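Below, each chain spelled out in residue letters.
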Amino acid sequence: YKADTADNTYEFDVLKCDNGGVEFDSDYDFILDSNGNVIAYRPSEQGLYDYALVLDSGYEPGAFASDASGKIKVLLADGTEGVYTLNFSASAKNVGEQVADVLTANSHTEKYSKNQGIQELKGFLGSSVQDNTTTKPDGTLPFSGDVHYSSKQHQSGFAAGYVIEYSLNDKDVLTIKSIVGDNHANADDHYSPANVKSTLAADYDTGAARIKYGTSSQVAVDKNTVAFYFTTVNGEDKYGVAIGYDKMSNVDKNTAFVAQTTKANLTDVVLFDAEGVAAEKDYAYVLGRTSSSSGYVTLNVLLMDGTASTLKLTKSDYDSLFKGNSDFETAYAYTVNGEGVADLTAPGSSGTHVLTGYAVKLNDGTVAVYSDKKLTKLVDSYSYDKNIW
């Protein structure tokens, strides 16, 4: 049954249940829209994949063609950042097989070889060292106009902005299981195999179970979908992560994104060419500056739980955000990196949920905000499900 309000539903042919459809002896999660229509489904036993957003990368050629090594800095789905040593041989095998599969799928006859995998992984990671081995990524691998991949020599950090599927062993050595994709505009040397690579046809709002693109296409998301955000602003990478449509940030129409979907059009992971401030940042009320030394400035702040604390940020960031007294005594979205340095986002920036004014609690779950202290100029009324700060 398809209601008039449904954008898309799925029909299940029991005669095809043993051929990749719904099977009788398996449990399934059915994702419904607000009208009770099935918009996606997947096996209940399907585990959540481990996805990561690459922030930096590089490899060392090694003494021989086959003993290269590499490191990768990633943002994990839980919001933590880390630098990991790669299991280079296993990662090269996985990447090589993935590229070979794409070539074969596009009517090529190339088969994976060990050296091809090493070359592909080297090209994907990039290096600050000149590679003179026989597995250097020199761009001589098979190429076709409809298949692109990183077989060229690139600078270190080339993989930044990519989403990967990975595994970690008990020694925190990371293996790249597959490359999901990125939003880079230059397809000639960026391998992005995700089966959906497009731009938003409409704004995505927090809580929505669909990402709309094209004329009438859509990707379904649920509370297990991992949403990464990565964009570059004035030469600086901005990034974040959220899990579930109820935590995902608002994203503007025409924003680029990639997603890897299942048969039922549900995605486990999506990457937006956006910052995603609201999803991955906390907020701090900046009281003032307390000290400055060695290129850093320390701010006195109040955190969302009422705790008095401090945040350290670079002098250049401080100078760009704080021009005068009016820039203090207000709330800023922020994150803190592994070195303890904060990145602040000014009120009013895209994705921030900071509103300055005077609030009155109307009832449980609703607050009215006024622009003046006498409460005569109503801005709007807002619903909330947490304590107001």
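Residues numbered from 1 in each chain as written. Predicted model: local features only at pLDDT ≥ 70, side-chain atom pairs only at ≥ 80, totals over all residues. Heavy atoms only, no water.

### Here's the deal with the nonpolar core
Considering soluble globular proteins, one finds that nonpolar side chains tend to be buried as a cluster.
Alright, step 1. Membership of the largest hydrophobic core comes to 25 residues, with the highest contact counts inside it found for Ile-72, Phe-124, Ile-164, Leu-174 and Ile-176.
Alright, step 2. Sorting the residues of this core by element identifies strand E3 (51-60), strand E4 (69-76), strand E5 (81-86), helix H1 (88-105), helix H2 (114-125), strand E6 (163-168) and strand E7 (173-181) as the ones contributing at least two each.
Alright, step 3. Excluding anything up to four places from it in sequence, Ile-176 contacts Ile-72, Leu-86, Ser-91, Asn-94, Val-95, Leu-121, Phe-124, Ile-164 and Glu-165. (Core = buried A, V, L, I, M, F, W, Y, C linked by side-chain atoms within 4.5 Å. Buried < 20%, exposed > 50% of the residue type's maximum accessible area, 1.4 Å probe, protein only. Helix = DSSP H or I, 4+ residues; strand = E, 2+ residues; numbered from the N terminus. Contact = heavy atoms within 4.5 Å.)

### A short note on the confidence of the model for the chain
Alright, step 1. Across the chain, the average pLDDT comes to 77, with 71% of residues at 70 or higher.
Alright, step 2. Per-element averaging of pLDDT across the chain places helix H3 (residues 277-280) at the bottom with 44 and strand E14 (residues 267-272) at the top with 93.
Alright, step 3. Note on residues 1-5: pLDDT is under 50 here. Beyond four places in sequence and across chains, it has seven contacts.
Alright, step 4. When the criterion is pLDDT under 50, residues 141-149 qualifies, and its contacts beyond four places in sequence or with other chains add up to 27 contacts. (pLDDT = per-residue confidence, 0-100.)

### Description of the pattern of salt bridges
Alright, step 1. Under the counting rule described, the total for this entry stands at five salt bridges.
Alright, step 2. In this structure, the salt-bridge partner of Asp-319 is Lys-315, at a minimum N-O distance of 3.1 Å. With Asp-319 and Lys-315 both in helix H4 (residues 315-321) and four residues apart, the pair spans about one turn of that helix.
Alright, step 3. When salt bridges that share partners are traced, they join Glu-236, Lys-238 and Asp-343 into one network. (Salt bridge = Lys/Arg side-chain N within 4 Å of Asp/Glu carboxyl O.)

### Some points on the environment of Thr-356
Alright, step 1. Mapped onto the elements of the fold, Thr-356 is located in the loop between strand E19 (342-345) and strand E20 (358-363).
Alright, step 2. Judged by its relative accessible area of 64%, Thr-356 falls in the exposed class.
Alright, step 3. C-alpha of Thr-356 to C-alpha of Thr-330: the two residues are 26 residues apart in sequence and 7.7 Å apart in space.

### Brief notes about the sheet that holds strand E15 (residues 282-293)
Alright, step 1. Taken in spatial order, the five strands make up an open sheet running E17-E16-E15-E18-E19, and their pairing is antiparallel. Of all the strands in the sheet, just strand E17 (308-314) and E19 have a single pairing partner and so form its edges. Averaged over all neighbouring strand pairs, the angle between strand axes comes to 45°, with direction disregarded. (Pairing = 2+ DSSP bridges. Axes fitted to C-alpha atoms, helices over the stretch in contact; angles between N-to-C directions.)

### Focus on H2
Alright, step 1. For H2, with twelve residues, the first-to-last C-alpha span of 17 Å sits near the 16 Å given by 1.5 Å per residue.
Alright, step 2. Counting buried positions over the twelve residues of H2 gives ten, a clear majority of the element.
Alright, step 3. Those residues of H2 that fall on the buried side of the exposure criterion are Gln-116, Gly-117, Ile-118, Gln-119, Glu-120, Leu-121, Lys-122, Gly-123, Phe-124 and Leu-125. (Expected span 1.5 Å × (residues − 1).)

### Digging into the sheet that holds E14
Pairing between sheet strands relies on hydrogen bonds along the backbone, with the strands arranged either parallel or antiparallel.
Alright, step 1. Spatial ordering of the open sheet is given by E8-E13-E14-E11-E12, a layout of five strands whose pairing is mixed. With partners counted over all chains shown, the strands left at the sheet margins are strand E8 (196-199) and strand E12 (236-243), one partner each. Looking at each pair of strands side by side, their axes are set apart by 15° on average, direction ignored.
Alright, step 2. In terms of strand pairing, strand E11 (residues 226-233) meets E12 through eight bridges, oriented antiparallel. Bridge assignment links Val-226 to a residue of E12, and that residue is Ile-243.

### Describing the pairing of E14
Alright, step 1. Of all the six residues making up E14, six are buried; the element is thus mostly covered by neighbouring parts of the structure.
Alright, step 2. Note: E11 against E14, four bridges, orientation parallel. When the bridges of E14 are listed, Val-226 appears paired with Val-269.
Alright, step 3. Here five bridges tie strand E13 (residues 256-261) to E14, and the two strands are oriented antiparallel to one another. The residue of E14 that forms the bridge with Gln-260 is Val-269.

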